[in-house]
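# Results of the structural survey
Letter by letter, the chains look like this.
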Amino acid sequence: QKEVEQNSGPLSVPEGAIASLNCTYSDRGSQSFFWYRQYSGKSPELIMFIYSNGDKEDGRFTAQLNKASQYVSLLIRDSQPSDSATYLCAAGGFKTIFGAGTRLFVKA
Amino acid sequence: DTAVSQTPKYLVTQMGNDKSIKCEQNLGHDTMYWYKQDSKKFLKIMFSYNNKELIINETVPNRFSPKSPDKAHLNLHINSLELGDSAVYFCASSQEWGSYEQFFGPGTRLTVL
């Protein structure tokens, strides 16, 4: 069974801090990795994707991929209360497998 | 313009009824998906179509039948609804089959009483 695992949280960080979200995947054939943000009652929306080992930065977001360790992470710098949501990690290959998500709560 | 739309947004029905959910995308994508998100927020793939052809058919009861009349539409028909079918159903699309970003519709919250 191919899986993507995430800590369900909630992860609570103060406003302005760095939030670190982690994810591991079991399928070594996965080629691409995605982070989706889902607000309560809303649909998932893509915030970052990464294909190669290393870091990828986009504004306050940095995705990190380590294929040897089968590990993906998302860093959110200068966290804002509006970042409070569930973050879904997904691994893409023949089909995209989603993790159960980590709930992030940013305290004002 | 809404990229991926679904109707209805809410669906409340009795056990044993048959219902349909419709999905349309105006992104020109080749691939469309149906996901089920349960109360624990786990997003699970049900079906995937690429250019109107069924590519993925997960272990889903055969009471669920998808239909893709064209690349832009993917509908989901559910027969003999059961309590356990209550969930949010998301339609999504991606540019092509494979490891591409998926764009999600707003979801249909199905409640079976």
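Glancing now at the interface of chain A and chain B. In this complex, chain A contributes 19 residues to the contact, which on the side of chain B involves 20 residues. Roughly 1600 Å² of surface becomes buried between chain A and chain B when both sides are summed, with 54% attributable to carbon and sulfur atoms. The largest share of the area that chain A buries against chain B comes from Phe94, Lys95 and Phe98 of chain A, three residues that together contribute 30% of it. We note a salt bridge from Lys95 of chain A to Glu58 of chain B, for which the minimum N-O separation is 2.6 Å. Taken together, the links from chain A to chain B amount to five residue pairs in polar contact (both at pLDDT 80 or more).

Residues and elements named next belong to chain A. Counted under the stated rule, the structure contains two disulfides over all chains. Note on cysteine connectivity: Cys23 is disulfide-linked to Cys89, with sulfurs 2.0 Å apart. With the S-S dihedral at roughly -70°, the linkage between Cys23 and Cys89 falls on the left-handed side. Here Cys23, found in strand E3 (residues 19–25), pairs with Cys89, found in strand E9 (residues 85–92); they are 66 residues apart in sequence, far enough to count as distant. An identical accessibility class is assigned to Cys23 and Cys89; each is buried.

Bringing the sheet that holds strand E1 (residues 4–6) of chain A into the picture now. Residues and elements named next belong to chain A. With antiparallel pairing, the five strands of this open sheet are ordered in space as E1-E3-E8-E7-E6. Of all the strands in the sheet, the pair left with one neighbour each is E1 and strand E6 (54–58). Taking the axes of each pair of neighbouring strands and ignoring which way they run, one obtains an average angle of 20° across the sheet. Across three bridges, E1 lies against E3 in antiparallel orientation. Bridging from a neighbouring strand, Val4 pairs with Tyr25 of E3.

Now for the nonpolar core. Residues Trp35, Val72, Leu74, Ile76 and Tyr87 of chain A are the most contacted members of the largest nonpolar core, which totals 24 residues. Elements that contribute at least two residues to this core include exactly E3, strand E4 (32–38), strand E5 (45–50), strand E7 (61–66), strand E8 (71–76), E9 and strand E11 (102–107) of chain A. The residues touching Leu74 of chain A, leaving out its near neighbours within four places in the chain, are Ala19, Ser20, Leu21, Trp35, Ile47, Met48, Phe61, Thr62, Ala63 and Tyr87 of chain A. Of all hydrophobic cores here, the second largest spans 20 residues; its members include Met46, Phe47, Tyr49 and Leu81 of chain B.

Residues and elements named next belong to chain A. With the rule as written, the count across this model stands at seven salt bridges over all chains. A salt bridge links Arg77 to Glu57, with the shortest nitrogen-to-oxygen separation between them at 3.5 Å. With a gap of 20 residues between them, Arg77 in the loop between E8 and E9 and Glu57 in strand E6 connect regions that are remote in the sequence. By relative accessible area, Arg77 is classed as partly exposed at 26%. When its relative accessible area of 59% is taken as the criterion, Glu57 is described as exposed.

So, how was this worked out
Residues numbered from 1 in each chain as written. Chains lettered and ligands numbered in written order. Predicted model: local features only at pLDDT ≥ 70, side-chain atom pairs only at ≥ 80, totals over all residues. Heavy atoms only, no water. Contact = heavy atoms within 4.5 Å. Buried area = accessible area lost by both parts, 1.4 Å probe. Salt bridge = Lys/Arg side-chain N within 4 Å of Asp/Glu carboxyl O. Polar contact = N/O pair within 3.5 Å; in protein donor to acceptor, adjacent residues only side chain to side chain. Disulfide = S-S within 2.5 Å. Helix = DSSP H or I, 4+ residues; strand = E, 2+ residues; numbered from the N terminus. Buried < 20%, exposed > 50% of the residue type's maximum accessible area, 1.4 Å probe, protein only. Pairing = 2+ DSSP bridges. Axes fitted to C-alpha atoms, helices over the stretch in contact; angles between N-to-C directions. Core = buried A, V, L, I, M, F, W, Y, C linked by side-chain atoms within 4.5 Å.

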